[in-house]
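# Coordinate inspection notes
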Amino acid sequence: MGCQQYVDTDRRSRSASITSANKERCDKGVCHEEEQLGASRTLDPCRKDFISGHVFASLPQMERGVTKVISGDPKGNNFLYTNGKCVIIRNINNPAIADIYTEHAHPVTVASYAPSGFYIASGDATGKLRIWDTTQKEHLLKYEYTPLSGKVKDIAWTEDSKRIAVVGEGREKFGSVFLWDTGSSVGAVSGHSKIINSVDIRHKRPYRMVTGSDDTTGSFYEGPPFKFKFTIRDHNQFVNYVRFSPDGCHFATAGADGQICIFDGGNGERVGCLGGEKAHKGGVYAISWSPDSSQMISASGDKTVKLWDVGAGSAVTTFNMGTDVMDQQLGCLWQNEHLLSISLSGFINYLDKNNPHRTIRTIKGHTKSIQCVTVHRSDGRPYIYTGSHDGHINYWDAETGVNDCFSGKGHSNQVSKMVVNDDEEVVTCSMDDTARYTNIDKKDYSTSDVVKMTSQPKSISAAPGGLTLVVCIGQVVLLKDKRKVFTLENLTYEPEVGVLDPSGNIAAVGGTDGKIHLYSVQSNTLKDEGKTIQAKGAITDMAYSNDGAYLAVVDDKKVATAFCVADDYSVKNEFYGHHARPVTLSWSPDNEHFATGGMDMMVYIWTLSDADKRLKLPDCHKLHHVSGLSWIDENTLVTTSHDSSVKQWTITY
């Protein structure tokens, strides 16, 4: 009996329907254009263009003690991994080039290229498998199956791309092998009493299949149809990973007992073990063969990656990846001349066979949702700074995508807001009840430049003269030169967001009462002038234009309002378009446009002088609403989201 099949759509008819739909959209003024690895072009009915540019993707989402499968493109150009509900495809030569597949309804656990390179199969936490096209921007769904009742842990294809083996968690069975186009069974995955962690199929005939399980055994199968042949009992702990060599002559099993065992690929007889009794001091989580099948790399919880001469059974090189627990190695890939490993931190390491003491490149980024973003220029180059749910702050070269994170011990909880002050410092507030100043040039957290708050900060703003305004739960705090100088307490409203005007003379605080309360900054105090501005609803975000002429505000009634500062904060314009609460706002450097992002997944770019001139960016991040907005220049907008990715959009007015 085969897998339950939900979708079986002819690719050509799907392509034709997509083309027809796109033609209809173009007739209405909405067009699409191919671009490098996943950008789209849309023409708004208001005749304003935007083009998706760089996509700085998230890192893989890691779990301690759990293997992370990283799959290579058969053509050698890309590699892929998963994070949340996303499958991330990255160019192996230039990882700043990325594409993100977002069609899964549940967290994706593993993805694998078909040997043809035309399709990718991805499995999620509910046991659902989606097979989708890699050749077109739309990534059209080809087939969808539910082979398991629990999490999919690994996927393997036969070399003709016609059969798929899927293993993982389940109630009645832990694996399934079937034809990719019909779902018809081509064998039974049996012989295990617990979760199957890994599966692989030999890429030459006669086909052979091997599995590794939490029951400490492996199983060897002949086929097709694949039938259980015998049990492999060479490990005494979980078998984490199994892989055939590219030439099919051997396969290897790696276990939590630190052993890597080599077997004959044809009959399954044991050939030997790498490194004698133990290959690593810790559990081995992943292995990857060299293209010529003579060598192998292995990733271990002992924080090392080893390069093995398989014929000799000895280690050629040991890469020591660090001493911290986050340096445990949970995944690896050997693709052409590239050797990659994945740390528990999510960092992707490019290893140098000739110099094991340093990596060629380490890809850093976020593994958890990004909460805020700001942009600053250093030596004429624009840099993007992002803060995430787990307290990490990263900075990205906006032009190349090269990125890194601040060193040292920083925030211990979510970074809620960030700005850059005149002293070249990133000023952040966090749910760890602190405000922190980090020097951009040193890129190192300072233990002294931290201000402890008595309640949780929500918003932060900076102005010349060393001024910082922090809005906390029930409080508004003014800092001067990184010290508290004044606190507003016992307020008659709950403050949500606060901003200092560019001169540092006025502090505007928006509250849940639907009002903006204005305070003058005098002698290191906040003086209530008795002036309030009425908005449509509870304030969610606001910002002064860069020249200080206007204050833009968004509220929970889905309205954006611009107030003219010189005209006693009279209403300049009101902007309607969001279908759900807007949560973030940012002014363009031209002071004529500002962008808002809402819970409706939309980003709007508004024209100050004409409320009817608006540019809509739909589904910027598809799965999640935009959490942060910032401008590189008047034609380039940066968006961040809970998908842990950073995107740039080129705007043409």
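A brief structural summary. (Residues numbered from 1 in each chain as written. Predicted model: local features only at pLDDT ≥ 70, side-chain atom pairs only at ≥ 80, totals over all residues. Heavy atoms only, no water.)

### A word on unusual backbone geometry
Going by this rule: Only DSSP runs of H or I with at least four residues qualify as helices, and only runs of E with at least two residues qualify as strands; both kinds are numbered from the N terminus onward.
Residue Pro-224 follows Gly-223 across a cis peptide bond; omega there is -5°. You can see Pro-224 is positioned in the loop between strand 17 (218-222) and strand 18 (227-232). Backbone torsion omega between Pro-224 and Pro-225 reads -5°, so that peptide bond is classified as cis. Along the polypeptide, Pro-225 turns up in the loop between strand 17 and strand 18. The residue Lys-558 is not glycine, and still its phi comes out positive at about 70°.

### A look at the sheet that holds strand 30 (residues 361-363)
Stated formally: For two strands to be treated as a pair, DSSP must find no fewer than two bridges joining them. Lines are fitted to the C-alpha atoms to define the axes, a helix being fitted only along its stretch in contact, and any angle between axes, read from their N-to-C directions, falls within 0 to 180 degrees.
Pairing within the open sheet is antiparallel, and its four strands lie in the order 27-28-29-30. Only two strands of the sheet have a single neighbouring strand rather than two, namely strand 27 (329-335) and strand 30. Geometrically, the sheet is characterised by an average inter-axis angle of 20° between neighbouring strands, direction not taken into account. Sheet analysis places strand 28 (residues 338-343) next to strand 29 (residues 348-351), joined by four bridges and oriented antiparallel. The partner of Ile-342 across the bridge, within strand 29, is Ile-348.

### Some thoughts on the state of the cysteines
We count it as follows: In this description, a disulfide is simply a cysteine sulfur pair whose atoms lie within 2.5 Å.
For the coordinates displayed, the defined rule picks out zero disulfides. Between Cys-332, a free cysteine, and Cys-261, which holds the nearest cysteine sulfur, the sulfur-to-sulfur gap is 16 Å. Cysteine Cys-620 remains unbridged, with the sulfur of Cys-86 as its closest cysteine sulfur at 14 Å.

Keep in mind these values describe shape, not function.
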